[in-house]
Amino acid sequence: RARLWNQVELRETRKDAQLARSIIIALPRELDLDQNIRLLHQHVEETFVARGMTADIAIHDKEASDGGTNPHAHILLTMREFDLNGDWASTKNRDWNHPTLVESWRSAWEQTQNAYLEAADIEERVSMRSYADRGINRVPQNHIGPIADLLAQRGDTSYVTERNYHVAQENLVRNILEVMRPTRHWEAALEAEMEQGLIALDDIARMDEISWEEDAERGSALGMDDE
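To keep things clear, this report deals only with the structure shown in the data block. (Residues numbered from 1 in each chain as written. Predicted model: local features only at pLDDT ≥ 70, side-chain atom pairs only at ≥ 80, totals over all residues. Heavy atoms only, no water.)

Observations concerning the overall build of the chain
We apply this condition: Only DSSP runs of H or I with at least four residues qualify as helices, and only runs of E with at least two residues qualify as strands; both kinds are numbered from the N terminus onward. Contact between two residues is taken to exist if any of their heavy atoms lie within 4.5 Å; hydrogens are not considered. Note on areas: these come from Shrake-Rupley sampling with a 1.4 Å probe, and a residue is covered only by the protein chains present in the view.
Looking only at helices and strands, one finds 6 helices and 3 strands in the chain. Helices and strands appear in the chain in the N-to-C order α-β-α-β-β-α-α-α-α. The long-range fraction of contacts in the chain, counting pairs at least 24 apart against all pairs at least 6 apart in sequence, stands at 56%. Approximately 16800 Å² of the chain is accessible, and the part contributed by carbon and sulfur atoms is 52%.

As structure tokens, this is what we get:
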């Protein structure tokens, strides 16, 4: 690791040169360490190394805000590839900067992670799509990060924790309204039932009117008035 990044710094001579691309990946807590290591290696091999990048990976774990574990991986990727002689390429690979690659990397991580969860007989699945893309009426929260987390441990607030609190309250209201609001299918069924109910009420009203007229006739025959 030290040799790799020392060589990177020697090769990138510009003072504002980008030395690496940094990626942080959340690992599923449902898998154990050995499973997560295999999962991470497969993803890195297929997604980054196969394109010619050199990857430096490290797995961290710490206590999450809910009291559970928070396993995650840090990945550093080189900006250049090696040639067949083991030397750095003369230029950086600009194809690795294409914006569409981010979506393909996210999709690959989703598929590989779900495959490992399924193989481990775990029901949970992950999705890289946003709430909006999945049609979920929720507002996403911000990643807390180490600084805001440290402030929270000290009893102090931060913009992130404050925003997440208000987002959680908003999502709670959205959830309540969603439960109270009928679905379109339910609304259609209710509308049909209401229509049938109105027809039935009309029939009952007509029957009441006929019954009232019959009662009035019978009363008159008996010498009784309307009252």
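Thoughts on the packing of aromatic side chains
Quick note on the threshold: Aromatic pairing here means that ring centres of Phe, Tyr or Trp (its six-membered ring) are within 6.5 Å. Orientation follows from the plane angle: under 30 degrees is stacked, over 60 is edge-to-face, and everything else is tilted. In this scheme, a residue with accessible area under 20% of its type's maximum is buried, one over 50% is exposed, and one in between is partly exposed, where area comes from a 1.4 Å probe on protein chains only.
Counted according to the given criterion, the structure contains 2 aromatic pairs. Aromatic side chains Phe48 and Trp105 sit 5.0 Å apart centroid to centroid with 75° between the ring planes, which places their arrangement in the edge-to-face category. Of this pair, Phe48 sits in the loop between helix H2 (33–47) and strand S2 (55–60) while Trp105 sits in helix H3 (residues 100–119), and the two are 57 residues apart along the sequence. The class for Phe48 is buried, based on a relative accessible area of 1%. A relative accessible area of 11% means that Trp105 is categorised as buried.

Brief notes about H3
Applied cut-off: Each residue after the first adds 1.5 Å to the expected span of a helix.
Between its terminal C-alpha atoms H3 stretches 29 Å, which fits the 28 Å expected from 20 residues at 1.5 Å a residue. Looking at H3, one finds that the buried residues are Leu101, Trp105, Trp109, Thr112, Gln113, Asn114, Tyr116 and Leu117. Its buried side turned inward, H3 meets strand S1 (20–26) and H2. The positive-phi residue at the C-terminal boundary of H3 is Asp121, with phi of around 60°.

Focus on the packing of H2 against H3
Packed helices, taken two at a time, are described by the angle between their axes plus the distance between the axes. The following threshold applies: Interaxial angle, 0 to 180 degrees, is taken between N-to-C directions of lines fitted to C-alpha atoms, where a helix line uses only the stretch in contact. Crossing handedness: left-handed means the near helix sits turned counterclockwise from the far one by under a right angle, and right-handed means the same turn made clockwise. Residue polarity follows a fixed list, in which Ala, Val, Leu, Ile, Met, Phe, Trp, Tyr, Cys and Pro are nonpolar, Asp, Glu, Lys and Arg are charged, and the others, Gly among them, are polar.
Direction vectors running N to C along H2 and H3 enclose 145°, while the axes themselves pass 10 Å from each other. Relative to H3, the crossing made by H2 is right-handed. For the pair formed by H2 and H3, the contact residues are Gln35, Arg38, Leu39, Gln42, His43, Glu46 and Thr47 on the first element and Trp105, Ala108, Trp109, Thr112, Gln113 and Tyr116 on the second. Residue composition of the contact of H2 with H3, grouped by class: 5 nonpolar, 6 polar and 2 charged.

A closer look at the pattern of salt bridges
For the record, the criterion: What makes a salt bridge here is a side-chain nitrogen of Lys or Arg within 4 Å of a carboxyl oxygen of Asp or Glu, nothing more.
The final tally for this structure, using the stated rule, is 4 salt bridges. Two residues, Glu12 and Lys92, come together in a salt bridge whose shortest N-O distance is 3.9 Å. With a gap of 80 residues between them, Glu12 in the loop between helix H1 (2–11) and S1 and Lys92 in the loop between strand S3 (72–78) and H3 connect regions that are remote in the sequence. For the residue pair Glu12 and Lys92, the accessibility class agrees, reading buried in each case. Across the salt bridge formed by Arg14 and Asp16, the nearest N and O atoms sit 3.1 Å from each other. Through salt bridges with shared partners, a single ionic network connects Glu12, Arg80 and Lys92.

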